[in-house]
Amino acid sequence: RIIRYSNQENKPALAAVTDEDKIYDLPFEDFLEIVRQAEDKESTALQVVEEIISQSLPLEIPYDELSLLVPIEAQEVWASGVTFEKSRDERNYEATGGKLDAATFYDKVYDAERPEIFFKSTNKRTVGPEEDVYLRSDSNWQIPEPEVGLVLGNKGQILGFTIGNDMSCRDIEGENPLYLPQAKVWKNSCALGPAIRLSETVEDPYELEITCRIYRDQEKHFEGTASMKQLKRKFDELAAYLLKDNTVFDGTVLLTGTCIVPPNEFSLRDGDQIEIEVPGIGVLVNSVKSQVSQL
Ligand code: DO4
Ligand code: MG
């Protein structure tokens, strides 16, 4: 796993974390430098990291005490939608006021050859571990969308896997699909982290499991788990559609869709804490803040 953290001089530092949680500083400023060095040496990112680790000692600070930063400052974050049955069914509920038998554009996109892909975030709108995600002041029905994120190279190659939260307003999206950008994009509406798992170290990404827990007043209020086995599409297929006739920057993150949706009566509140865990990548923790209290 590759992480960024704030070091003793309060400067961003890059490190590799082993499965035993040993941390090794890397002599790079960002994740893409590992990828570039691997290209120059005609090796893999994993080989570059392993060579550095073999010549250095682990840090003494435990993983839990690190002040983690967003693992990649992605110029752009894109997201896929309605890639799981659960997402399709819950969006049908929003759009039809609960008449689940009505066929909608969500049913169509779930079955269509072309997936839904939308623009989600930029570096400045995205937060990292332990930072606050914000609520929109004009929505009364807001949820986190826990998703596996692909960290892509500019040719669509999957460099690594991370965790993303595609914060969403179900009422705005349900009122009219043309409101999707407003239901999805605002200040601090996207979180990424805590690490990037190098793709060479993931034997079968469809074996990844994702769990979301929401805490309210120090108590667990919601928990849901799902598996990437339930994904309707292939990760490469989603990346290929993003690339079609497009400029894709190195380090673009593509979220792959949500498979966990809290019950319909649930809406996030100021002070809630969201934890999204993918074993092998880590736990992304963010608190929820209302924007009104930030002004
Ligand atoms: O169709 C709207 C958005 C879908 C989405 O974000 C998801 O399925 O995760
Ligand atoms: Mg989503």
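First things first, this report covers the structure right here in the doc. (Residues numbered from 1 in each chain as written. Chains lettered and ligands numbered in written order. Predicted model: local features only at pLDDT ≥ 70, side-chain atom pairs only at ≥ 80, totals over all residues. Heavy atoms only, no water.)

**What to know about the side chain of Ser 139**
Filter applied, for reference: For the purposes of this entry, the term helix denotes a DSSP run of H or I that reaches at least four residues, the term strand denotes a run of E that reaches at least two, and both are numbered from the N terminus. Note on classification: 1.4 Å probe, protein chains only; a residue is buried when its accessible area is under 20% of the maximum for its type, exposed when over 50%, partly exposed between these limits. Nitrogen and oxygen atoms within 3.5 Å of one another constitute a polar contact, given that in protein one can donate a hydrogen and the other can accept it, and given that sequence-neighbouring residues count only through two side-chain atoms. Should any heavy atoms of two residues lie within 4.5 Å, those residues are considered in contact.
Relative to the assigned elements, Ser 139 resides in the loop between strand S8 (132-135) and strand S9 (142-143). Using a relative accessible area of 8% as the deciding quantity, one classes Ser 139 as buried. Here Trp 141 takes part through its backbone nitrogen, which lies 3.2 Å from a polar atom of the side chain of Ser 139. A distance of 2.7 Å separates polar atoms of two side chains, one belonging to Ser 139 and the other to Asp 171. Once you skip the residues sitting within four places of it in the chain, Ser 139 turns out to touch Cys 169, Asp 171 and Ile 172.

**Quick word on unusual backbone geometry**
In this model, Gly 193 is joined to Pro 194 through a cis peptide bond whose omega is -5 degrees. The residue Asn 10 is not glycine, and still its phi comes out positive at about 60 degrees. Assignment of secondary structure puts Asn 10 in the loop between strand S1 (2-6) and strand S2 (12-17). Of note in the backbone geometry, Val 82 takes a positive phi value of approximately 55 degrees without being a glycine. Turning to its location among the elements, Val 82 is positioned in the loop between strand S5 (76-81) and helix H3 (85-96).

**Some thoughts on the site of ligand 1**
Our working definition: Any residue with at least one heavy atom within 4 Å of a molecule or strand is counted as near it. Note on areas: Shrake-Rupley with a 1.4 Å probe; residue coverage comes only from the protein chains shown. Residues are grouped as follows: Ala, Val, Leu, Ile, Met, Phe, Trp, Tyr, Cys and Pro are nonpolar; Asp, Glu, Lys and Arg are charged; every other residue, Gly included, is polar.
Ligand 1 sits among 16 residues. The nearest are Val 82, Ser 87, Glu 116, Lys 184 and Thr 258. Glu 116 places a polar side-chain atom, nitrogen or oxygen, 2.8 Å from an oxygen atom of ligand 1. Contact between ligand 1 and Glu 173: an oxygen atom at 3.5 Å from a side-chain N or O atom of the residue. In the complex, 98% of the free accessible area of ligand 1, which totals 280 Å², lies under the protein chains. Of all the secondary-structure elements, those providing two or more residues to the shell around ligand 1 are S5, H3, strand S6 (116-122) and helix H6 (180-184). Within the shell around ligand 1, the residues separate by chemical class into four nonpolar, five polar and seven charged.

**Here we look at the coordination of the magnesium ion (ligand 2)**
Quick note on the threshold: For Na, K and Ca the donor cut-off is 3.2 Å, while for other metals it is 2.8 Å, and in both cases only N, O and S atoms qualify; water is not among them, so sites may look incomplete.
At this site the magnesium ion (ligand 2) is bound by Glu 145 (OE), Glu 147 (OE) and Asp 166 (OD), with donor distances of 2.0 to 2.1 Å. Spacing between the donor residues of the magnesium ion (ligand 2) along their common chain follows E-x1-E-x18-D. Highlighted residues: Glu 147 in strand S10 (residues 146-152) and Asp 166 in strand S11 (residues 158-166), separated in sequence by 19 residues. For the pair Glu 147 and Asp 166, one class covers both residues: buried.

**Concerning helix H1 (residues 31-40)**
Every α-helix carries 3.6 residues per turn, so stepping three or four residues along brings you back to the same face. Just so we agree on the cut-off: The arc in question is traced by the directions running from the helix axis to the C-beta atoms.
All of the buried residues in H1 are Phe 31, Leu 32, Ile 34, Val 35 and Ala 38. Buried residues along H1 cover an arc of 155 degrees about the axis, so they all sit on one side. Structurally, the start of H1 carries an N-cap: the backbone nitrogen of Leu 32 is 2.8 Å from a side-chain oxygen of Asp 30. Positive phi appears at Glu 42, one or two residues downstream of H1, with a value of about 50 degrees.

**Some details on the sheet that holds S8**
To keep it simple, the criterion reads: Pairing between two strands requires that DSSP report at least two bridges joining them. Fitting a line to C-alpha atoms yields each axis, with helices limited to the stretch in contact; the angle taken between N-to-C directions then spans 0 to 180 degrees.
Spatially, five strands are ordered S8-S18-S17-S14-S15 in an open sheet, and the strand pairing comes out mixed. Of all the strands in the sheet, just S8 and strand S15 (219-227) have a single pairing partner and so form its edges. With strand direction ignored, the average angle separating the axes of adjacent strands in the sheet is 20 degrees. Here strand S14 (residues 209-216) pairs with S15 via eight bridges, running antiparallel. In the sheet register, Tyr 215 faces S15, and the bridge partner there is Lys 220.

**Notes on the packing of H1 against helix H2 (residues 45-54)**
The line we're drawing: These descriptions rest on fixed angle ranges, namely under 35 degrees for roughly parallel, over 145 for roughly antiparallel, 65 to 115 for roughly perpendicular, and the rest for oblique.
One can describe the packing of H1 onto H2 by two numbers: an axis separation of 8 Å at closest approach and a directional angle of 100 degrees. Regarding the angle of H1 to H2, the classification is roughly perpendicular. When H1 is examined against H2, the residues Ile 34, Gln 37 and Ala 38 are found in contact with a partner set consisting of Ala 45, Val 48 and Val 49. Residue classes in the contact of H1 with H2 are distributed as five nonpolar, one polar and no charged.

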